[in-house]
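Fold and geometry: a report
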Amino acid sequence: MASTPPSRRSFLALSGLTVLSASLTAACGDGGSGPVSAADGKVAFAWWNIATTEPGRSLFPQLSTAFTAAHPNIAIKTTSLENEAFKSKLAAVTSSGRLPDVFQTWGGGVLRQQVDAGLVEDLTDAFGWASDLTPVSLQAYQFEGRTYAVPYDVGMVGFWYNKKLFAKAGITAPPATWAEFLEDVRKLKAAGVTPIALAGKEKWPGHFYWAYLAMRVGGLPALGQAAAAKDFTGAGFVRAGSHLKELVDLQPFQPGFLGAGYSTPGGQAATMGNGKAAMELMGQWAPSVQKDAGADLGADLGFFPFPTVDGGAGRVTEVLGGGGGFALRKGAPKEALDFLKFFVLENQSRLLASNGYLPVVKGAESALTDANRRAVADALAGATGFQLFLDQAYPPAVGQEVNDSVADLIAGQKTPEQVTRSISAAAKGA
């Protein structure tokens, strides 16, 4: 889930360019990034998000309109971009030193570099309602005890599966181990069912497999240790790639998967939603995107955590995940944070009722009625370890190399050993 952002050097070189006025009244701007003009004397700010699929596509504008109706002195200019397009455009405007006032972030290494460059507002002292949010939802946006973004969604990656197609293949229960998972893939193929939908073109969905296998083989601490040492060539990471190759060798993905997008027509989510594949490995947003891009599987949709690996150090309760949040550019108006309080805290029930997001407000999980969303929330609540998506947790160049190298392995263009060497080289150069 990372595009190619500017290098750390570029970020730091820009740090002196972005100390912008806290008041955006009558400020100049191009309307795309940085301050937004407000010729009529209103306070105006730009809001960039990735709400291009339901429920966000409808809900986000409704919340924005409700806020400005209650605050007629405020104007919000919204830009909604598909995931990859968003990251490409944000990288470009970051290079110019003109971040949007409010922008989507997944936290981790990408946000950390923006913070280190002085481009992002430190919200810690102004964010008095942070105590109302769950600690795990804030984790990805905190560095050295300071908070730099407001979460609106949090969850984990796991397997979403079609119960009807599992039954067709004679599978009576989700697999608990990797060996059982591979056997189920074989059973599905034998029954004439495509086992897995994958958006090979976008790369980030494929990295979930390698990341989880590394966690299950080496244990969660191994990922942090490798990042600190800038060395991913250990046996556990090679073995993770070997296990992924075991899966790839079974040819489990839908025809044309290497050119498939995620939320695009005919892509991963549509393939799953339309009942043309039995599984997809995806985050908590999967059901809503399946419905938006394809169809709603309803009661046929189930969820199970990524299996353990025999002999591995990792536990099934160690989860890979993340969510969505919004950061403010340095000098953004205080009204922007007021909007985020309205969006997250005052409208948590609307976010949850949309069936597209999981709770970040303490105690709000009791409002979940959908069995699958409750299963994800319960798994997250019982997690003994949490790892942010690798393409967000690590510095941008490293996260991008994880995505690229794992995609090459899935395409048969790199060996497990080559994957670890390439990621290590990127880490040493970051």
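Look up a bit, the structure's there.
Now for a quick tour of the structure. What you see is a predicted model, and the numbers here were worked out from it, not measured in a lab.

In this section: the overall build of the protein. A tally of regular secondary structure across the protein gives 18 helices and eleven strands. Whereas a compact globule of 430 residues would reach a radius of gyration of roughly 22 Å, the protein reaches 21 Å, a difference of no more than 12%. The dimensions of the protein, computed from C-alpha atoms along their principal axes, are 65 × 45 × 35 Å. Within the protein, buried positions represent 57% of all 430 residues. Of the contacts made within the protein by residues no fewer than 6 positions apart, 76% connect residues no fewer than 24 positions apart. Surface exposure of the protein reaches about 15,800 Å², of which carbon and sulfur atoms provide 53%. Taking the average place of the 36 positive charges on the side chains of the protein and the average place of its 37 negative ones, the gap between the two points comes to 2 Å.

It is worth spelling out helix H8 (residues 204-218) at this point. With 15 residues, H8 should cover 21 Å at 1.5 Å per step; its first-to-last C-alpha distance of 21 Å lies within 8% of that length. Extensive coverage of H8 is indicated by the burial of 14 of its 15 residues.

This part covers the packing of aromatic side chains. Counting across every chain of the model gives 40 aromatic pairs. Ring geometry for Phe166 and Phe304: centres 6.5 Å apart, planes at 55°, overall tilted. With a gap of 138 residues between them, Phe166 in helix H6 (residues 163-168) and Phe304 in strand S9 (residues 301-304) connect regions that are remote in the sequence. Overall, the relative accessible area of 2% leaves Phe166 in the buried class. Residue Phe304 is classed as buried on the basis of its relative accessible area, which comes to 3%.

Turning our eyes to something else, we now look at the sheet that holds strand S7 (residues 158-162). Judged by pairing direction, the sheet is antiparallel, and its three strands sit side by side in the order S8-S7-S9 without closing on themselves. The open sheet terminates on both sides in strands that have one partner only, identified here as strand S8 (279-282) and S9. In this sheet, adjacent strand axes meet at a mean angle of 25° when their direction is disregarded. By the bridge criterion, four bridges tie S7 to S9 in an arrangement that is antiparallel. Bridge assignment links Trp160 to a residue of S9, and that residue is Phe303.

About the thresholds
- Residues numbered from 1 in each chain as written.
- Predicted model: local features only at pLDDT ≥ 70, side-chain atom pairs only at ≥ 80, totals over all residues.
- Heavy atoms only, no water.
- Helix = DSSP H or I, 4+ residues; strand = E, 2+ residues; numbered from the N terminus.
- Rg over C-alpha atoms; globule rule 2.2 N^0.38 Å.
- Buried < 20%, exposed > 50% of the residue type's maximum accessible area, 1.4 Å probe, protein only.
- Contact = heavy atoms within 4.5 Å.
- Areas by Shrake-Rupley, 256 points an atom, 1.4 Å probe, with all protein chains shown as cover.
- Lys, Arg positive; Asp, Glu negative; His and termini not counted.
- Charge placed at Lys NZ, Arg CZ, Asp CG, Glu CD.
- Expected span 1.5 Å × (residues − 1).
- Phe/Tyr/Trp six-rings, centres within 6.5 Å; stacked < 30°, edge-to-face > 60°.
- Pairing = 2+ DSSP bridges.
- Axes fitted to C-alpha atoms, helices over the stretch in contact; angles between N-to-C directions.

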